[in-house]
Amino acid sequence: MSLQYSQLFKKRRKILPRAFIFLFVTLITIGVFAKNNWFPSMDALTGARTGWFGSELPSNASSSWNPLAAPLPTPAPQLSKEYIYAGQRLLAVEDTFATAIAPADLAVWRPSTGTWWVMGGPNSQQIAQSWGTNGDKPVPGDYDGDGKTDFSIFRPSSSQWFVLQSSDSAWAPIISWGIPTDFRVPADYDGDGKTDRAVWRAADGVWYIVRSSDQSSYYQTYGAYADIPAPADYDGDGRADIAVWRTSEQKFYSINSSDSSVSVVTVSQSSSQPVSADYDGDGKADHAVRNGSNWVIRQSSNAQTITVSWQDAADIAVQNDYDGDGKTDIATWRNSNGNWYIRQSANRNSLRQVQWGIPGDIPIPAYYRR
Ligand SMILES: [Ca+2]
Ligand SMILES: [Ca+2]
Ligand SMILES: [Ca+2]
Ligand SMILES: [Ca+2]
């Protein structure tokens, strides 16, 4: 036993001095490194990073201490804006820093080929996207909520909604909703910034809505046979309001989403074409009816009703905000020549005439490019 103890004591006598020498050298080394700023560090004020021996590092390096660490991917820009839609019409952009709303794109869907044609701007190319086949119905909207309209179609044979998400170019989950004879009324009813798949059935007067916020089904009986659905954000709370236009009474009936109250607004026109949108730019949709070539608009800002005669009665109404001033422009598209006739609210109501599309196309202006 005593022999073993003495051997252990001899080993310790050798180890201890070596340990002291190691500690001494280490402390000296740390001192030299610290004095010369050879340790990795980050400047608290500027965020500038330095690696070993004072080497410069990119500010997004994942580690200062690991010389082999890869830099972090550049963070994707986050949307600071909130886009609120009623179908393909932009209701509002909520952004305290926004100075202008991007103008709507001129676009058509060609049934013969199932192609979406979106006109490019001064510095951007046009877009041609195949999505859908002959017999489908375009139902553009921002279903994924990224601020861009998604190429989307409803297929009557299967009642399926096919949405090509602009955010990741992937298919949204395919949902069967409604029947071919329904009015398709996609809009953002629950106010989450995403378009909700929705239909209105004249036969029973029921609104069938898939709320995008939780995918739950919502049913609301409102309206009667022969009414025309006219959902829009009449109370300006960022949510589309359930509404119908009753030609026989020349009245709009709507449920304000803000407080569930009912509002009844008379527009004395015997036409069956509601064209409600925010023409005066106060953030609330104006009750409006197109009668022949006349656009009769009850401005929400002052309750005044104005009448504007615009182009041909046979044209298709394509009102939207084409000049990006936050006001919907009265506009029509002519099937015979593919011309767009836009009354520019930002430019003293002057005419902008552009040829885009051919006879047989379906005009579907929206915010595809943004
Ligand atoms: Ca989108
Ligand atoms: Ca929604
Ligand atoms: Ca509303
Ligand atoms: Ca308005």
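Residues numbered from 1 in each chain as written. Chains lettered and ligands numbered in written order. Predicted model: local features only at pLDDT ≥ 70, side-chain atom pairs only at ≥ 80, totals over all residues.

When its secondary structure is counted, the protein shows one helix and 28 strands. With 370 residues in all, the protein has 34% of them scored as buried. In the protein, 32% of the contacts between residues at least 6 apart in sequence involve partners at least 24 apart. (Helix = DSSP H or I, 4+ residues; strand = E, 2+ residues; numbered from the N terminus. Buried ≥ 20, exposed ≤ 12 C-beta atoms within 10 Å, placed from the backbone. Contact = placed C-beta atoms within 7 Å.)

Attention now moves to the nonpolar core. Ala-107, Ala-198, Ala-232, Ala-243 and Ala-288 are the most contacted members of the largest nonpolar core, which totals 56 residues. Not counting the four nearest positions on each side in its chain, Ala-288 is found in contact with Pro-274, Val-275, Ser-276, Ala-277, Tyr-279, Trp-295, Val-296, Ile-297 and Arg-298. (Core = buried A, V, L, I, M, F, W, Y, C linked by C-beta atoms within 7 Å.)

What follows deals with the confidence of the model for the protein. On average, residues of the protein score 87 in pLDDT, and 81% of them are at 70 or above. A low-confidence stretch, residues 70-80 stays under pLDDT 50, and its non-local contacts, those more than four residues away or across chains, total twelve contacts. (pLDDT = per-residue confidence, 0-100.)

Notably, Ser-169 is not glycine yet its phi reads approximately 55°, a positive angle. The exposed category is assigned to Ser-169, around which 10 C-beta atoms lie within 10 Å. Non-glycine residue Gln-311 carries a positive phi angle of around 55°. Following the sequence through the fold, Gln-311 ends up in the loop between β23 (305-309) and β24 (316-317). Overall, Gln-311 belongs to the buried group, with 21 C-beta atoms counted inside 10 Å.

Ordered in space as β21-β22-β23, the three strands form an open sheet in which the pairing is antiparallel. The open sheet is flanked by β21 (287-291) and β23, the only strands paired with a single partner. For this sheet, the mean inter-axis angle between neighbouring strands, taken without regard to orientation, is 15°. In this sheet, strand β22 (residues 294-298) lies alongside β21 in antiparallel orientation, the contact comprising five bridges. Across the sheet, the residue bridging to Arg-290 is Trp-295, located in β22. (Pairing = 2+ DSSP bridges. Axes fitted to C-alpha atoms, helices over the stretch in contact; angles between N-to-C directions.)

Attention now goes to the sheet that holds strand β12 (residues 175-176). The pairing of strands in a sheet comes from backbone hydrogen bonds and takes either a parallel or an antiparallel form. Strand order in the open sheet formed by four strands is β9-β10-β11-β12, and the pairing between neighbours is antiparallel. Looking along the sheet, the strands with just one partner apiece sit at the ends: β9 (137-138) and β12.

Take the pairing of strand β27 (residues 350-355) next. Counting buried residues in β27 gives zero out of six residues, a small share hidden from the surface. Between the antiparallel neighbours strand β26 (residues 339-344) and β27 lie five residues, among them Arg-348 with a positive phi of about 50°.

This next bit is on the pairing of strand β16 (residues 217-221). Within β16, only zero of the five residues are buried, leaving the element largely exposed. Adjacent in sequence and paired antiparallel, strand β15 (residues 206-210) and β16 are bridged by six residues, among which Gln-215 carries a positive phi angle near 60°.

So, on to the environment of Ile-228. Take Ile-228: it is sitting in strand β17 (residues 228-229). The exposure class assigned to Ile-228 is partly exposed, which follows from the 19 C-beta atoms found within 10 Å. Ile-228 has contacts with Val-244, Trp-245, Ser-272 and Pro-274, leaving out every residue within four places of it along the chain.

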